[in-house]
Structures are given as structure tokens and as C-alpha cells.
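Below are the chains, spelled out letter by letter.
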Amino acid sequence: MNEALEQAKKAFDIDEVPIGAIIVKNDEIIAKAFNRRNTDKNTLAHAEILAINEASKVVGDWRLDDCTMYITLEPCPMCAGAIVQARIPRVVLAANNKKAGCAGSIINLLEEERFNHQVHVTREVLEEKSSKLLKDFFRELREKNK
């Protein structure tokens, strides 16, 4: 999770919402990403989607069934859906996302039993560090917009 937080800090440094994601396979990081939605002017440029794209290239398949994803903020509906579709078996989360979270805060797409794939979720790992980074970002953004 510390590496995912480093990715989130990179987003913070370029005025993106500080969310980072990494994907690990066989105890090795195979993908790293941070939010680039505003930078790339692309709705799909969330950290999770970018990390899944990178990991798929490394693995050579869309199935990431031997991987673990670490994310600094609970995923939105799009990212939760991509995680399920990529067949990622385990996700480790830092902060909850009470406004858009789809790993239990609003709805739980990752563990939905009606889907053909469920994700094992570990929650609130380094939650305080991730939450502080997000709060600092939005506080600075409000100050800039005054």
C-alpha cells in the first residue's frame, strides 16, 4: 500500500485527485498508476483502469487472476466493474469512498454474489495516510478556487 500511496502523491503533485493503484503478481509489482483524468482529458484515466491496462500488457492477457490490486481509495462503479471483469481475486483498499465507493460504501460490486467472479477485499490498510492526502488535496483546491 505504501507504493500505491507514492503513486497517489504523484497525482497530487500534478493537481489530480490523489489516488494511486498498484498490481502485484508473485510478490512483484507489475503495474503502477495514478489518476490522470484531468491531465489526459479522459474519463477513463482512473488509477485502477490505467493499472489494469498496464498489468494486462505485462501478463499478456486480460485475465489478472493471479494478482492483487492495492488502491488508495475505494473504487468507483467503473473501476469496480473493471476489477471484476479483469478477474482480479484480491483487492486491498486504504480509504473508504462514501460518495462513490463500490466496494461496500454505497454498493458492493466487488463481492456481489450474483456475478460470475467475486473479489476478496481487505479494507482500511493505511487508511489514515490516504485520507489525509485526500483531505489535504481538497483543502488546497478550495483555497485555490477562492
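Quick caveat: nothing in here was measured; it's all calculated off a predicted structure.

1. Things to note about the UniProt feature "binding site: Zn(2+)" (unreviewed entry) in the protein chain
Here's step 1: Residues annotated by UniProt as "binding site: Zn(2+)" (unreviewed entry) correspond here to His46, Cys76 and Cys79. What stands out for the annotated residues spanning 34 residues is how close their C-alpha atoms remain, the widest pair being 9.3 Å apart. Looking only at the residues we just named, the largest pocket is lined by His46, Cys76 and Cys79.
Here's step 2: Within the element layout of this structure, His46 appears in the loop between helix 2 (37-40) and helix 3 (47-59).

2. Observations concerning the sheet that holds strand 4 (residues 90-95)
Here's step 1: The mixed open sheet is built from five strands, whose spatial order is 2-1-3-4-5. Either end of the sheet is taken by a strand with one partner, and the two such strands are strand 2 (28-34) and strand 5 (120-122). Strand-to-strand twist across the sheet, computed as the mean angle between neighbouring axes with direction ignored, equals 20°.
Here's step 2: In terms of strand pairing, strand 4 meets strand 5 through three bridges, oriented parallel. The residue bridging Val92 from the neighbouring strand is Thr122, located in strand 5.
Here's step 3: Across the sheet, helix 3 is in contact with strand 1 (20-25), strand 2 and strand 3 (67-73); its angle to strand 2 comes to roughly 145°.

3. Structural notes on the UniProt feature "domain: CMP/dCMP-type deaminase" (unreviewed entry) in the protein chain
Here's step 1: Feature annotation in UniProt assigns "domain: CMP/dCMP-type deaminase" (unreviewed entry) to the following positions: residues 1-104.
Here's step 2: Between the end C-alpha atoms of residues 1-104 the distance is 19 Å, and the span holds 37% helix and 25% strand.

4. Some details on helix 3
The α-helix winds at 3.6 residues per turn, so residues separated by three or four positions along the chain end up facing the same way.
Here's step 1: Given a rise of 1.5 Å per residue, 13 residues ought to cover 18 Å, and the 18 Å separating the end C-alpha atoms of helix 3 matches this to within 8%.
Here's step 2: For helix 3, every residue scored as buried is listed here: Ala47, Glu48, Ile49, Ala51, Ile52, Ala55 and Ser56.
Here's step 3: Packed against the buried residues of helix 3 are strand 1, strand 2, strand 3 and helix 4 (77-85).
Here's step 4: Looking at the residues trailing helix 3, positive phi occurs at Gly60, about 80°.

5. Some details on helix 4
Here's step 1: Those residues of helix 4 lying buried are Cys79, Ala80, Ala82, Ile83 and Val84.
Here's step 2: Buried positions along helix 4 lie against helix 3, strand 3 and strand 4.
Here's step 3: Just downstream of helix 4, Arg87 is the residue with a positive phi angle, here 65°.

6. A few points about the packing of helix 1 (residues 2-13) against helix 5 (residues 127-144)
Here's step 1: Look at helix 1 against helix 5: their axes get within 11 Å of each other, and the N-to-C directions meet at 5°. The angle between helix 1 and helix 5 places the two elements in the roughly parallel class. Listed contacts from helix 5 to Asn2, Leu5, Ala8, Lys9 and Phe12 of helix 1 are Lys129, Ser130, Leu133, Asp136, Phe137 and Glu140.
Here's step 2: For the contact of helix 1 with helix 5, a count of residues per class yields five nonpolar, two polar and four charged.

Each value, and the rule that gives it
Residues numbered from 1 in each chain as written. Predicted model: local features only at pLDDT ≥ 70, side-chain atom pairs only at ≥ 80, totals over all residues. Heavy atoms only, no water. UniProt positions renumbered as here; feature names shortened; annotations may be inferred. 1 Å grid on protein atoms, 1.4 Å probe; cavity = no way out; pocket = protein on both sides within 12 Å on 5 of 7 lines; lining within 4 Å. Helix = DSSP H or I, 4+ residues; strand = E, 2+ residues; numbered from the N terminus. Pairing = 2+ DSSP bridges. Axes fitted to C-alpha atoms, helices over the stretch in contact; angles between N-to-C directions. Contact = heavy atoms within 4.5 Å. Expected span 1.5 Å × (residues − 1). Buried < 20%, exposed > 50% of the residue type's maximum accessible area, 1.4 Å probe, protein only. Parallel < 35°, antiparallel > 145°, perpendicular 65-115°, else oblique. Nonpolar A, V, L, I, M, F, W, Y, C, P; charged D, E, K, R; others polar.

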